[in-house]
Structures are given as C-alpha cells and as structure tokens.
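Tertiary structure, described
Single-letter residue listing:
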2 protein chains.
Amino acid sequence: MRTFKLTLAYVGTNFAGWQSQVAQRTVQVVLQQTLAKITRQKDVHAIASGRTDAGVHALGQVVSVVLDWERPAETLQRALASELPRDLVVIDAEEAPPDFHAITSATGKQYQYRIHDGRVADVFRRQYTWHCFTQLDEAVMHRAAQALAGRHDFSSFEATGSPRRSSVRTISHISVSRDTDHEHLIYIDVSADGFLYKMVRTIVGSLVEVGRGTQDESWIGQILAQQDRNAAGPTSPSQGLFLVKVDY
Amino acid sequence: MRTFKLTLAYVGTNFAGWQSQVAQRTVQVVLQQTLAKITRQKDVHAIASGRTDAGVHALGQVVSVVLDWERPAETLQRALASELPRDLVVIDAEEAPPDFHAITSATGKQYQYRIHDGRVADVFRRQYTWHCFTQLDEAVMHRAAQALAGRHDFSSFEATGSPRRSSVRTISHISVSRDTDHEHLIYIDVSADGFLYKMVRTIVGSLVEVGRGTQDESWIGQILAQQDRNAAGPTSPSQGLFLVKVDY
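As the structure is a computational prediction, the values presented were derived from the model and not from experiment. The numbering scheme is per chain: residues are counted from 1 as the chain's sequence reads. To label them, take the chains in the order written and letter them from A, then take the ligands in the order written and number them from 1. A pLDDT threshold of at least 70 governs which residues receive local features in this predicted model, and a stricter bar of 80 or more applies before side-chain atom pairs are shown or counted, although totals over entire chains, interfaces and linings include all residues. Values shown for side chains rest on all heavy atoms present in the structure; no hydrogens or waters enter the calculation.

1. Brief notes about the relation of the copies chain B and chain A
The two chain copies are connected by a rotation around an axis plus a translation along it. To keep things clear, this is the line we draw: Copy-to-copy superposition: least squares on the C-alpha atoms, limited to residues that have pLDDT of at least 70 in both copies. A contact between two residues is defined here by any heavy atoms of the two lying within 4.5 Å.
Superposition of chain B onto chain A requires a rotation of 180° combined with a translation of 0.0 Å along the rotation axis, giving an RMSD of 0.0 Å. Overall, the copies show the geometry of a two-fold rotation axis. Of the interface residues in chain B, 100% have counterparts in chain A that sit at the interface too, so the contact is made through matching surfaces.

2. Concerning the pattern of salt bridges
Residues and elements named next belong to chain B. Stated formally: Whenever a carboxyl oxygen of Asp or Glu lies within 4 Å of a side-chain nitrogen of Lys or Arg, that contact is scored as a salt bridge. By definition, any uninterrupted DSSP run of H or I lasting at least four residues is a helix, any uninterrupted run of E lasting at least two residues is a strand, and each is numbered from the N terminus. Classification of residues uses two cut-offs on accessible area relative to the type maximum, computed with a 1.4 Å probe and protein chains only: under 20% is buried, over 50% is exposed, and between them is partly exposed.
Counted according to the given criterion, the structure contains 22 salt bridges over all chains. One salt bridge in this structure joins R2 and E95, with 2.9 Å as the shortest N-O distance. In this pair, R2 sits in strand β1 (residues 2-10) while E95 sits in strand β4 (residues 88-96), placing the two residues 93 residues apart along the sequence. E95 sits in the partly exposed class, given a relative accessible area of 44%. R125 is the partner of D122 in a salt bridge, and the nearest nitrogen-oxygen pair spans 2.8 Å.

3. Notes on helix α1 (residues 27-39) of chain B
Residue and element names in this part refer to chain B. Rules: Expected helix span is taken as 1.5 Å per residue step, with the number of steps being one fewer than the number of residues.
Helix length check: α1, at 13 residues, gives a terminal C-alpha distance of 18 Å against a target of 18 Å (1.5 Å per residue), a fit within 8%. The buried fraction of α1 amounts to 10 of the 13 residues, a majority that puts the element mostly inside the structure. Among the residues making up α1, those that are buried are V27, Q28, V30, L31, Q32, T34, L35, A36, I38 and T39. The inward-facing, buried residues of α1 abut β1, β2 (46-48), β3 (57-67), α2 (73-83) and β4.

4. Thoughts on the pairing of strand β8 (residues 168-178) of chain B
All names here are of chain B. Our working definition: A pair of strands counts as paired when DSSP detects no fewer than two bridges linking them.
Of the pairings in the sheet, the one linking strand β7 (residues 150-153) to β8 comprises four bridges and is antiparallel in character. If you follow G150 over to β8, its bridge partner there is I171. Bridge count between β8 and strand β9 (residues 185-192): seven bridges; the pairing is antiparallel. Looking at the pairing, S177 lines up with Y187 of β9. From the end of β8 to the start of β9, which pair antiparallel, there are six residues.

5. Quick look at the interface of chain B and chain A
For clarity, the cut-off: In this description, buried area is defined as the sum, over both parts, of the accessible area (probe of 1.4 Å) that is lost when the two are combined. Think of a polar contact as two N or O atoms within 3.5 Å of one another; within protein, one of them needs to be a possible hydrogen donor and the other a possible acceptor, and neighboring residues in sequence only count if both atoms come from side chains. Polar here means any residue outside two lists: the nonpolar Ala, Val, Leu, Ile, Met, Phe, Trp, Tyr, Cys and Pro, and the charged Asp, Glu, Lys and Arg; Gly therefore counts as polar.
Facing the 25 residues of chain B at the interface are 25 residues of chain A. Across the interface of chain B and chain A, roughly 1,800 Å² is buried in total on both sides, 58% from carbon and sulfur atoms. For the pair chain B and chain A, the number of links is zero salt bridges. The interface formed by chain B and chain A includes two residue pairs in polar contact (both at pLDDT 80 or more). Looking at side-chain class alone, the side of chain B that touches chain A contains 16 nonpolar, three polar and six charged residues.

6. Here's the deal with the domain arrangement of chain A
Residues and elements named next belong to chain A. Keep this limit in mind: By convention here, the domain bounds are inherited from an automatic or database domain assignment.
Taken domain by domain, chain A consists of domain 1 (2-96) and domain 2 (108-247). Each of domain 1 and domain 2 has a C-alpha centre, and these two points are 27 Å apart. On the side of domain 2, 15 residues touch domain 1, which itself brings 15 residues to the contact. Taking both partners together, domain 1 and domain 2 bury about 1,200 Å²; carbon and sulfur atoms supply 56% of that area. Contact with domain 2 buries area across many residues of domain 1, yet D53, H57 and L59 alone supply 44% of it, more than any other trio. The interface formed by domain 1 and domain 2 holds one salt bridge in total. The salt bridge involving D53 is made with R201; its shortest N-O contact spans 3.5 Å. Applying the counting criterion to the domain 1 and domain 2 interface returns 11 residue pairs in polar contact (both at pLDDT 80 or more). Across the side of domain 1 that touches domain 2, the residue classes break down as six nonpolar, eight polar and one charged.

This is the structure in structure tokens:
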C-alpha cells in the first residue's frame, strides 16, 4: 500500500460538496468509487484538505489516499482521466510519504471569490460568479478588507452551528481587484493558515455591502471587533467561490 | 405593432439549437413563449439571423420580432431579464425600422471556435471548448487557413443534405491564435458574408488535422479546390463554437 497525493479540479455545480451525510452525489463518493474500480481495492478512503460546500468549485483541492497500486502515479492519473465524470479531473498525482495527510499536513489555503457586477447578466459566467446588478467600488472594498489581514478571532465571520476549538486564524493576504481585461469581473483573493466554516463567503457578503455603499469602509473592522456572527453581512452564494490552492 | 431588434447571448449546452422540428427545448421556443407572456400577445414569431445547431453558443445572436409593445425597448429588456432562464439573456434591445429582418438584413457574421489543447482536461472549459489531447501547432494552422480567405466555392466544407442555391461565400477574415494569457487555449476566428451548414466546424476539424501534423499545410487549399465534402476533415464538436456577432 502506498500513499498518494492527488490534486483535483471540479465544477461544484452538480456536486453536493466534498462530503455529505445523506446519499448524494459528492466529490468524495465519486472519487472513491472510481479509485476502487481502477485499483480493484475494496475500501478506498480519500481525505480532502477540507470540505467544500455544495456548489463551491475547486481549482486545486488536495486529497490524500492510501492505495493498493503498484504502477506509477502518472498511470493512475491517466486511468482516472478516462473514468471520472466531466466535472471532475485529477490535475496532478504523485506518491507521497506514508505520513502525508491532506488535512493535518496542510499549512495554508488560498480561496478566490468571483463577482460579476455588470448590469446585464453574463450567461457564460453565471455558474461561476455572484451576479451583483449594481456596480461595486472595488477600491473601497479592498481598503476595508485590509482590517482582516493578520491574526484575529474571526468568530464574526463563522457560520453558526460549527463549533471549533478556536476561531483564531491568520489571513496572510486579502485583496479585492477588478479584472484588467473584463470591466465587470471582481476577484476577492484570500490566503490564510486555515478558514472557519463559510468564512470567505461571509467576508465577501460583508465586503459587498461596503462596495455598494450601504456600509462604511470602517464597518469590516467593526464587525471583526464584535466577535458576533450577527454583526456581519449575509453569506454570499456558493457558486462564486473557488478553492484555489492548498499549501503543504 | 413595432419591430424590435434583440441581441441574445446563450449557453448552447441545454438547447436543441435555435429551431427544431420536434418538441424540444430550443432558444426560439423559450424566447417566443417568454415574449408572449410579457406582451400578452397570442402569437410571437422571432426570426434569428441564422439557426445555431444544438450545443452551439451565442455571444451576439440577433433576432427580429414584431411585438404589441408600447413601452420603451429597455423596459422590455428588463422584463425579459427577470423571466428568461439562466442560460439565455437579452444583452440589447432596440426598436428597429419596420423592414428590419434578422436574416435578410444581415450583411455578415463572425464566429469563434475555441480549442483546449492541454494534456489534462480543464473542467471549467469543457462545456465551451473542444479538448484536443495533443498540442496543436497554431502557427501552421493559421498559415493553412489563409487559403480559405476570399471568395470561394466552399462546398467541400458544407455538410451534406443541405442544398443551397450557391456554395460561394466570401471569408473576409480567418485567423488561428493562442490566448496570450492561457497557454492551452486556441481561438479560430472566422468572418464571412454568410456561412454554409456546419462550415465553421468542418473548417476547424480540417485545420486540427494540420495542427496535429496528420496533414500538410497545403491540404486546406487542396480540400477547397476539390469541391467535395469527402475531401475535408471531420466536423468538430458543437460545444466549441460561438456565434460572436452579426453585422447589419
């Protein structure tokens, strides 16, 4: 048995997230079934760096899995390419040290949230953006977001019903920028050592209030200080969120 | 009754093309039903600049339609925005002269075909590109394509079973280029005064043979000279094709 590190990209639209408690189409179930078929292994247990919610996309989700597979990792990747459905692909496969674990070995993660703020919807981007009908001020959003950079208790931005040992995380980078080629595309990039449940989507929902002018630039810092989820803005929709990269 | 010119964008994936003979979900049916609902008009007949096949996308399809609508065109567009399904949007609506007709008034059209030639599939582009697993030589494809520029009989690139009065068309521009930001995206842009049935897809299928090195650069000109569909390469899949613009 060898340990493999698989890097996945998936379109979240038709998945009920990475993992789900009921019988639904999840990335984990589809991947495990396909790996079991390829390796003829009875039980395959794939561990992702973190669960992505239903509808959330991944450009670089990382999975650790122990497999009864003697051939090169590249051969495994090719076999997966022909067996996996059209909305899931393994972009990299490599053998990892036996102690590699997708969750505990991770040192950081990078997310991107995409907003389309054109007056007219873009049918080709609807599946991959949150469409905000009014134009947002991305410069003021960027300035407001800087209040979140650094080590803080982010409990104001954590969805309720998800107790963790600590709500303290360190955001090493947060930026809001408009696409240089597309006048109506806004990217919110956030890198941290870890994220709380729905943290990025709650940050984005709050930043959009600032970008619309509904709230003042200083509001984001005020939410953070209150350590109360009720202080923050609404959770933004899942289809704009991409897990970009996991660091090890 | 007033004549309107509507410009549509749609994701072709879940449409059986613009028009279809059997009871299927077509762009025409969805648009006409929605217009009938909004205007409370019994019969709405929308005419597109040309039929797009099942799976083909549009960035700027143009439709002419006569409507019992007294309010501004912009109000009609807003009403359509809230009623149309997520894969169809009216990006522009304006009143047109009574003699405006989407087919007969058109003077030219522009199509773009998109190819992804990365070794690993891109799940986010699969719906919008033809995935060619081997890397293509876009420079040789571009040179080969220039044999098609100008006024020619394109019957070699016309799908069988589609007799037209003439197979002569004028291609004013044809180019093959690689995206400056994305190393595996290739665009084939073609502008002409009109197109034969499946003409762009047959041109692309033939150019890819050249790009793969299966056929020589001079092959495209040889196909053209033969005026025989059997001389050309295979028809490329519909999901890579975009109707970009119709000129009037």
